[in-house]
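Structure at a glance
In case you want the letters, here they are:
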Amino acid sequence: MGWQAERDKVVINVGGVRHETYRSTLQTLPGTRLAGLAEPGAAARFDYDSAAGEFFFDRHPAVFAYVLNYYRTGKLHCPADVCGPLFEEELYVAFASLFFILISITTFCLETHEAFNRVINKTETVAAGNGTAAPVAVVEVETEPFLTYVEGTCVVWFTFEFLMRVSFCPDKRDFVKSSLNIIDFVAILPFYLEVGLRGLSSKAAKDVLGFLRVVRFVRILRIFKLTRHFVGLRVLGHTLRASTNEFLLLVIFLALGVLIFATMIYYAERIGADPDDVTGSRHTYFKNIPIGFWWAVVTMTTLGYGDMYPMTWSGMLVGALCALAGVLTIAMPVPVIVNNFGMYYSLAMAKQKLPKKKNKHIPRPPQPGSPGYAGSPRAPRRPPGRDACPLAQEEVVEINRGGLAPLRGQAVFLW
């Protein structure tokens, strides 16, 4: 048994300090850099000293001891005698991604402000029907160039982040299926297409370019990337998913109410119509039932824009009934949704108070001669049913879908 354990050992020299561990320990976090040391052919891919029989990394040795301990236990402890910036050098901080998300959304909003748009007069040559070409004046609106440069910088960062997560993702199929990853790709692609087509002068290219400018709104979808960094947004997402039936019920109630009250207001407004008015709609806003749909929605949701309102006593009575019915209709499913939110929020807060690990950790099998090794009389027996409580279960970040998953909500190891 001793020679098997000796073959399973790996020696890692970090900054002149030798660390010994088992290959099975490094394999507890598949797809990471240290896990690659346990794979066949690792000596050719890493800095391996065959004479000393060790791998060499020029990194901080004291910090690496805690990194290696994370592979052993699945828990990350920041050393008290090591400063924060030095420890963060071993981690990939996700604050940069959060910063670029906020900058991109801010740029998207500023691009629509008239202060950042210039009207440019251009002269283009258009072919006439008789084969001649005639100059035509064209007026275009152009965004300030510095906003385009800022957006380009953000897109470069998002592209780098996306490619890194694709490269380090163990399961590409799960990565493609993730809705957040699809949003990332859809938000990045139009920028590169717009840059590529901007220099072309053909009519088809201009038509595609105009379409891409219209679909710029997909950039606002980047706000959903914030769910990777904020627990509250994830709680909201779980609440909406769990309250699907209640939302469907609310939509059905509103649709029935809108149809009923739009029909009632249409006929109620004709009770006091002028006898000489053949259509009976000259004195009212409700010319037909479809127009009443908008009024019914605004009234039932208690918004009341005031753009449409009844002019007769019978129409006012219908409007009062519509407002009361709207309050009761919305109030019925809301308590269920609030209860779902409270349940998920309480669960999230309880999980934050529990010791947990943010990355999937595969326990290392017991080694020969250890107390936990199979067949050893000292092997501990774990009582059945332990840790069955959902709150006691460890929260596992979906590294298959997210590639590099945030560790403790903010960082992951580059090891």
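Sequence positions are assigned chain by chain, starting from 1 and proceeding in written order. Whole-chain, interface and lining totals are the exception, using all residues; otherwise, since this is a predicted model, local features are given only for residues with pLDDT of at least 70 and side-chain atom pairs are given and counted only at 80 or more. Each side-chain value is worked out from all heavy atoms of the structure, with water and hydrogens disregarded.

Points about unusual backbone geometry
Of note in this structure, Thr302 is not a glycine but carries a positive phi near 60°. The helix count covers DSSP runs of H or I at least four residues long, the strand count covers runs of E at least two residues long, and both are numbered beginning at the N terminus. For Thr302, the position within the fold is in the loop between helix H13 (289-300) and helix H14 (313-331).

A short note on the pairing of strand E2 (residues 17-22)
Strand pairing requires that DSSP identify at least two bridges connecting the strands. Where strand E1 (residues 9-14) lies against E2, 6 bridges are found, and the strand directions are antiparallel. Bridging from a neighbouring strand, Lys9 pairs with Tyr22 of E2. Turn length for the E1-E2 hairpin, with the two strands adjacent in sequence and antiparallel, is 2 residues, and the turn residue Gly15 shows positive phi of about 60°.

Some words on the UniProt feature "transmembrane region" (unreviewed entry) in the chain
UniProt positions are given in the numbering used here, feature names are shortened, and annotations may be inferred rather than shown by experiment. Per the UniProt record, "transmembrane region" (unreviewed entry) is annotated on residues 91-110, 247-268, 289-306 and 318-347. End C-alpha to end C-alpha, residues 289-306 measures 18 Å, and it is 67% helix and 0% strand. Between the end C-alpha atoms of residues 318-347 there is a gap of 45 Å, over a span that is 93% helix and 0% strand.

Structural notes on the packing of H13 against H14
Every angle, taken between N-to-C directions, lies between 0 and 180 degrees, and every axis is a line fitted to C-alpha atoms, over only the stretch in contact when it is a helix. Where H13 contacts H14, the axes come no closer than 8 Å and their chain directions differ by 55°. Judged on the interaxial angle alone, H14 and H13 are oblique. Like other packed secondary-structure pairs, H13 and H14 cross with a definite hand, here right-handed. Together, Trp295, Ala296, Thr299 and Met300 of H13 and Val318, Gly319, Cys322, Ala323, Ala325, Gly326, Val327, Thr329 and Ile330 of H14 make up the contact between the two elements. Taken together, the residues that form the contact of H13 with H14 break down as 9 nonpolar, 4 polar and no charged. Any angle from 65 to 115 degrees is called roughly perpendicular, while one under 35 is roughly parallel, one over 145 is roughly antiparallel, and all others are oblique. Each crossing gets its handedness from the near helix: less than a right angle anticlockwise from the far helix is left-handed, clockwise is right-handed. The contact criterion used throughout is that any non-hydrogen atoms of two residues lie within 4.5 Å. Lys, Arg, Asp and Glu make up the charged group, whereas Ala, Val, Leu, Ile, Met, Phe, Trp, Tyr, Cys and Pro make up the nonpolar group; the residues left over, Gly among them, are polar.

Notes on the pattern of salt bridges
For this analysis, a salt bridge means a side-chain nitrogen from Lys or Arg found within 4 Å of a carboxyl oxygen belonging to Asp or Glu. Considering all chains together, one arrives at 4 salt bridges under this definition. Ionic pairing is found between Glu54 and Arg18, a salt bridge with its closest N-O pair at 2.5 Å. Highlighted residues: Glu54 in strand E4 (residues 54-57) and Arg18 in strand E2, separated in sequence by 36 residues. Categorising residues by exposure relies on relative accessible area from a 1.4 Å probe, with only protein chains included: less than 20% of the type maximum marks a residue as buried, more than 50% marks it as exposed, and the intermediate range marks it as partly exposed. Its relative accessible area of 9% is what places Glu54 among the buried residues. Of the charged contacts in the structure, one is a salt bridge between Arg45 and Glu39, with a shortest N-O distance of 3.2 Å. According to the relative accessible area criterion, Arg45 is partly exposed, its value standing at 47%. Three or more residues joined by partner-sharing salt bridges are found here, namely Arg18, Glu20 and Glu54.

So, H14
In this scheme, a helix's expected span is set at 1.5 Å multiplied by one less than its residue total. Here H14 contains 19 residues, and its C-alpha end-to-end distance of 28 Å stays within 8% of the 27 Å for a straight helix at 1.5 Å per residue. For H14, the full list of buried residues reads Ser314, Gly315, Val318, Gly319, Cys322, Gly326 and Thr329. Projection of H14 onto a plane perpendicular to its axis shows the buried side chains occupying an angular sector of 135°, all on one side. Facing away from the buried side of H14, by more than 90 degrees, are the exposed residues Trp313, Leu317, Leu324 and Leu328. Check the buried side of H14 and you find it contacts helix H12 (244-268) and H13. The arc in question is the one traced by the directions running from the helix axis out to the C-beta atoms.

Here we look at the sheet that holds E4
In spatial order, the strands read E2-E1-E4-E3; together these 4 strands make up an open sheet with mixed pairing. Each end of this open sheet is capped by a strand with a single partner; those strands are E2 and strand E3 (48-49). Docked against the sheet, helix H4 (residues 61-73) engages E1 and E2, running at close to 5° with respect to E2.

Regarding the environment of Gly16
The residue Gly16 is located in the loop between E1 and E2 in this model. Judged by relative accessible area, which is 58%, Gly16 ranks as exposed.

Some words on the packing of aromatic side chains
A ring pair, where both rings are aromatic, is described by two values, the distance of the centres and the angle of the planes. Here is the rule: rings of Phe, Tyr and Trp (six-membered ring for Trp) pair when centre to centre is within 6.5 Å. Planes less than 30 degrees apart are stacked, more than 60 are edge-to-face, and the remainder are tilted. The full count for this structure, using the stated rule, is 15 aromatic pairs. Aromatic side chains Tyr48 and Phe55 sit 4.8 Å apart centroid to centroid with 55° between the ring planes, which places their arrangement in the tilted category. Since its relative accessible area comes to 6%, Phe55 is described here as buried. Aromatic side chains Trp294 and Tyr305 sit 5.8 Å apart centroid to centroid with 5° between the ring planes, which places their arrangement in the stacked category. One end of the pair, Trp294, is in helix H13; the other, Tyr305, is in the loop between H13 and H14, and 11 residues separate them in sequence. Judged by its relative accessible area of 56%, Tyr305 is exposed. An aromatic cluster of three or more residues is present, and its members are Phe46, Tyr48, Phe55 and Phe57.

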